[in-house]
Amino acid sequence: MAGAMTVFRKELSDDLGSRRYLVLFGLILILSTLSAYQGAQYIRSNTGASFLAIFYGSEYGFSFTTLMVFFGPIIGLSLGFDAINKERTSGSLSVLLCQPIYRDSVINGKFIAATTALSLLVASTIGIMSGVAVSVLGFGPGLAEVSKIVVFALLTAVYLAFWLGLGILFSTVTKKISTSILMTVATWLFFSIVITIVAALLANYIVPIAMPTGPSGGGGGEGLFNTPEFRALMQRRNTIQTDIQMISPAYLYNQAGSAILGITGGGGGFGGGGFTRLGGGANPFQAAGGGDLGKALAIVWPQITALVVGMVICFAASYMLFLRLEIRPEG
Amino acid sequence: MSQPIIQTQELTKHYKEIKALDHLNLTVFEGEIFGFLGPNGAGKTTTLLTLMGLTVPTSGTATVGGYDIVKDSKKVRQIAGMLPEGAGFYEDLTARQNLNYICQLNDIPKLEREKTIKELLDAVGLGERVDMKVEKFSRGMKQRLGIAQVLIKNPKIAFFDEPTIALDPQGVKEIREMLIRLNKEKDLTVFLSSHLLYEVQQTCQRVGIIRAGKLIAADTIENLSERIGGKDKIVVELELSKVDADLIREIKGINGVLSVDQENNKINVHMESDKSKEVSETIMKHGATILLMRPKERSLEEIFMEYYKEGA
């Protein structure tokens, strides 16, 4: 355990001082502060809006939740994708493993350090956002809201730790950093863009919309779109799309976060869906004052469990692979 | 002979299809500099990695300093240090920060760390570069930092895997002298793996030769040489002002001379017993001048090639 603590301290100071962490931190901080400001404006113009609206109320198309949905994977993956293979390439791993420590201390220390760095990012961002909102609004969150913020922060940390675990897994299975970077980018693209397209295509394949043949008048079209059959069709397509997107951790996070913050109406998609549904202060149907936290948790328990299990699986897989990693003569 | 400090019994390691170590039996004694020779791919690095517990043997056992390399691999790493091949450091940290990390991993008390680091960096000649980032280090400097890293735990045994590879001649000489000094001053058992015969000959007291994962010979260089060159009792190397066929014939005619081989103005005279006096008289009678005359020792290269031929 002493070995893991030493690795933890070293890795934490590396992470906190690393350029990539500082750049991402800065970016998130600027955007979050702006979104908190927007949220505060939203609360001002909507009497009865909860303080929590600073995390989702937005007029310019983004909020803290959409930021996390979109940037979360990059933040988590970027702290993990070269954790192991960089040390393999540089030769510092074999020097490290020649020291009197158990091998698992290395990967445990690295994972805990990066998780701590991510939690610090989440905690300080949310703290600063709340501070900005309080100074703009002149009032702060109530006790119920504070507890929701805490749970939401924990959820966000778990969500980022999932991506971190995936990044560390990439760095364990690949020898070259260039490969794990590509895997990181591919993963991000898949969950941010490809999955929505695939979901839409599949939905269209399973439930095709019978378009009226031949040129149809506007009136006729509208008539068609208004039939209950058509609405049921659209409903089915939506369900299919939602089900497919359920494999995306970002989607799960979005749903769980929305429920905790008291935004009803189910989750939006990762990219576009997230932006439109959560953003555009148009109509985030938040239950004024927020619903009950316990009830919300009960509803999105599966989503939260899925995120935690995903994180554990990623870490456990990298742990096993790292312990079995053959340090071979060729590196 | 002193106590064995490293012992392997039938140590075997398979990497999927390749047999890297094939029932290796090896003993290294306390306080010696042991040279581990073999061409690339013979299993030198695998032996070191296995002994340090970085990789697990497929079968067989081994002890280092009395500790089992599988069950007590952490304890092995407490008393043994290694400079792995291609050892690296954290490039964006300074030499001091890198060593400080190693100190912490070795549970060196905080108060002693600063002093230990300073002493070691001075000892390896990096005293002036304490606060320089490792990314600015040359290969030779990194290698010396690697030696400092090995010594932090004040080990009983130090493994060096090709420590002078890719270094310039000056660097090679410095590392060699450092190893000899450490062996003498700190009574450190040094296990030097190398394919550079000259380096091993200059540094090591005992040599092991490994081929295809098997130890084919282990002894002092003199003994190895004697065993190979059993039929030639004495060889004298001469350099003369001129050499012709008559002279060679005459030398061959001396009673006790077995054979003579010639290379330009140099000849090697193989003799059953010491006939140097007769040989030199013959040469002078012939009107040639002796420029050089010395008993010839077998170079490690010859020994090495001989053992490889034998085993093949």
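Remember, it's a predicted structure, so these values are computed and weren't measured experimentally.

Draft legend 1. Layout of the overall build of chain B. Along the backbone of chain B there are 11 helices and 14 strands. Once the C-alpha set of chain B is aligned to its principal axes, its extents read approximately 75 × 45 × 35 Å. Counting the 312 residues in chain B, one finds 40% classified as buried. Counting only contacts in chain B whose residues sit at least 6 apart along the sequence, the fraction spanning at least 24 positions is 69%.

Draft legend 2. Up close: the overall build of chain A. On a plain count of helices and strands, chain A comes out with 13 helices and 0 strands. Along chain A, from the amino end to the carboxyl end, the secondary structure elements read α-α-α-α-α-α-α-α-α-α-α-α-α. Pairs at least 24 residues apart make up 80% of the contacts formed inside chain A by residues separated by at least 6 positions.

Draft legend 3. Up close: the pairing of strand β2 (residues 18–29) of chain B. All names here are of chain B. When strand β1 (residues 4–15) meets β2, the two strands line up antiparallel, connected through 8 bridges. Looking at β2, one finds that Lys 13 is bridged to Leu 21. Hairpin connection from β1 to β2: 2 residues lie between these consecutive antiparallel strands, with Lys 16 at a positive phi of about 40 degrees.

Draft legend 4. Representation of the sheet that holds strand β14 (residues 290–295) of chain B. All names here are of chain B. Ordered by their spatial adjacency, 4 strands build an open sheet running β12-β13-β11-β14, and the pairing between neighbours is antiparallel. Only two strands of the sheet have a single neighbouring strand rather than two, namely β12 (257–263) and β14. Going across the sheet, the axis of each strand differs from the next one's by a mean of 20 degrees, ignoring polarity. Pairing between strand β11 (residues 234–240) and β14: 5 bridges, direction antiparallel. Residue pairing for β14: Glu 237 is matched across the bridge by Arg 294. The strands touched by helix α9 (residues 245–253) are β12 and β13 (266–271); relative to β12, the strand with the most contacts, the crossing angle is about 155 degrees.

Draft legend 5. Just the nonpolar core, in detail. Membership of the largest hydrophobic core comes to 150 residues, with the highest contact counts inside it found for Leu118(A), Met52(B), Ala148(B), Phe159(B), Val190(B) and Leu192(B). Broken down by element, this core gets its largest block of residues, 14 residues, from helix α7 (residues 143–173) of chain A. When near neighbours in sequence (up to four residues on either side) are disregarded, Met52(B) contacts Cys98(A), Val76(B), Arg77(B), Ala80(B), Met82(B) and Phe159(B). Within the second largest apolar cluster, 12 residues are counted, among which are Leu240(B), Val257(B), Val260(B) and Val279(B).

Draft legend 6. Main features of the environment of Ser73(B). Mapped onto the elements of the fold, Ser73(B) is located in helix α2 (residues 73–79). In this structure the C-alpha to C-alpha distance between Ser73(B) and Thr50(B), which are 23 residues apart in sequence, comes to 9.6 Å.

Draft legend 7. View of the interface of chain A and chain B. Across the boundary between the two partners, chain A contributes 20 residues, which contact 26 residues of chain B. Those elements that place two or more of their residues in the side of chain A that touches chain B are α1 (2–17) and α5 (92–97) of chain A. Of the residues belonging to the side of chain A that touches chain B, the class tally is 9 nonpolar, 8 polar and 3 charged.

Draft legend 8. Just the environment of Glu128(B), in detail. Residue and element names in this part refer to chain B. Within the secondary structure, Glu 128 sits in the loop between α4 (110–123) and α5 (139–151). Owing to 9 C-beta atoms within 10 Å, Glu 128 belongs among the exposed residues under this scheme. Note: C-alpha distance between Glu 128 and Lys 118 (10 residues apart in sequence) is 9.8 Å.

Draft legend 9. Layout of the sheet that holds strand β3 (residues 33–37) of chain B. Residue and element names in this part refer to chain B. With mixed pairing, the 6 strands of this open sheet are ordered in space as β6-β7-β8-β3-β9-β10. The outermost strands of the open sheet, each flanked by one partner alone, are β6 (80–83) and β10 (214–220). In this sheet, neighbouring strand axes are inclined to one another by 15 degrees on average, regardless of whether the strands run parallel or antiparallel. The pairing of strand β9 (residues 206–211) with β10 spans 6 bridges and is antiparallel. Note on β10: the bridge partner recorded for Gly 208 is Ala 218. Those strands touched by helix α1 (residues 44–51) are β3, β6, β7 (157–161), β8 (189–194) and β9, and its axis lies near 145 degrees from that of β7.

Draft legend 10. Structural context of unusual backbone geometry. All names here are of chain B. The backbone phi angle of Lys 16 is positive, close to 40 degrees, even though this residue is not glycine. In this structure, Lys 16 sits in the loop between β1 and β2. Backbone geometry at Asn 264 places phi at a positive 55 degrees, although glycine is not the residue there. Its 8 C-beta neighbours within 10 Å are what place Asn 264 among the exposed residues.

Draft legend 11. Inspection of the pairing of β11(B) at higher detail. Note: β11(B) against β13(B), 6 bridges, orientation antiparallel. When the sheet's bridge partners are listed, Val236(B) is paired in β13(B) with Val269(B).

Draft legend 12. Local environment of the confidence of the model for chain B. With 96% of its residues at a pLDDT of at least 70, chain B reaches an overall mean of 89. Scored as a complex, the prediction yields pTM 0.83 and ipTM 0.82.

Draft legend 13. Structural detail: the packing of helix α3 (residues 64–80) of chain A against helix α8 (residues 177–206) of chain A. All names here are of chain A. Contact geometry of α3 with α8 gives a least axis separation of 10 Å together with a crossing angle of 160 degrees. Relative to α8, the element α3 is oriented roughly antiparallel. The way α3 lies across α8 gives a crossing that is right-handed. Contacts between α3 and α8 pair Phe 70, Pro 73, Ile 74 and Leu 77 from the former with Thr 184, Thr 187, Trp 188, Phe 191 and Ser 192 from the latter. Partitioned by chemical class, the residues of the contact of α3 with α8 number 6 nonpolar, 3 polar and no charged.

Draft legend 14. Geometry of the confidence of the model for chain A. Residues and elements named next belong to chain A. Chain-level pLDDT for chain A is 84 on average; 85% of the residues reach the 70-or-more range. Within chain A, no element has a lower average pLDDT than helix α12 (residues 272–278), which sits at 35, and none a higher one than α7, at 95. A low-confidence stretch, residues 265–289 stays under pLDDT 50, and its non-local contacts, those more than four residues away or across chains, total 67 contacts.

Draft legend 15. The packing of helix α6 (residues 103–137) of chain A against α7(A), seen in detail. Residue and element names in this part refer to chain A. Remark: α6 packs on α7, axes separated minimally by 9 Å, with the N-to-C direction vectors making an angle of 145 degrees. The crossing of α6 and α7 is right-handed. Between α6 and α7, the contacting residues are Lys 110, Phe 111, Ala 114, Thr 115, Leu 118, Ser 119, Val 122, Ala 123, Ile 126 and Ser 130 on the first element and Ile 149, Ala 153, Thr 156, Ala 157, Leu 160, Ala 161, Leu 164 and Ile 168 on the second. The class makeup of the residues in the contact of α6 with α7 is 13 nonpolar, 4 polar and 1 charged.

Draft legend 16. Highlighting the environment of Val312(A). In this structure, Val312(A) sits in helix α13 (residues 293–324). Each C-alpha atom, one on Val312(A) and one on Ile247(A), is 16 Å from the other, the two residues being 65 residues apart in sequence.

Calculation rules
- Residues numbered from 1 in each chain as written.
- Chains lettered and ligands numbered in written order.
- Predicted model: local features only at pLDDT ≥ 70, side-chain atom pairs only at ≥ 80, totals over all residues.
- Helix = DSSP H or I, 4+ residues; strand = E, 2+ residues; numbered from the N terminus.
- Buried ≥ 20, exposed ≤ 12 C-beta atoms within 10 Å, placed from the backbone.
- Contact = placed C-beta atoms within 7 Å.
- Pairing = 2+ DSSP bridges.
- Axes fitted to C-alpha atoms, helices over the stretch in contact; angles between N-to-C directions.
- Core = buried A, V, L, I, M, F, W, Y, C linked by C-beta atoms within 7 Å.
- Nonpolar A, V, L, I, M, F, W, Y, C, P; charged D, E, K, R; others polar.
- pLDDT = per-residue confidence, 0-100.
- Parallel < 35°, antiparallel > 145°, perpendicular 65-115°, else oblique.
- Left-handed = near helix turned anticlockwise from the far one by under 90°.

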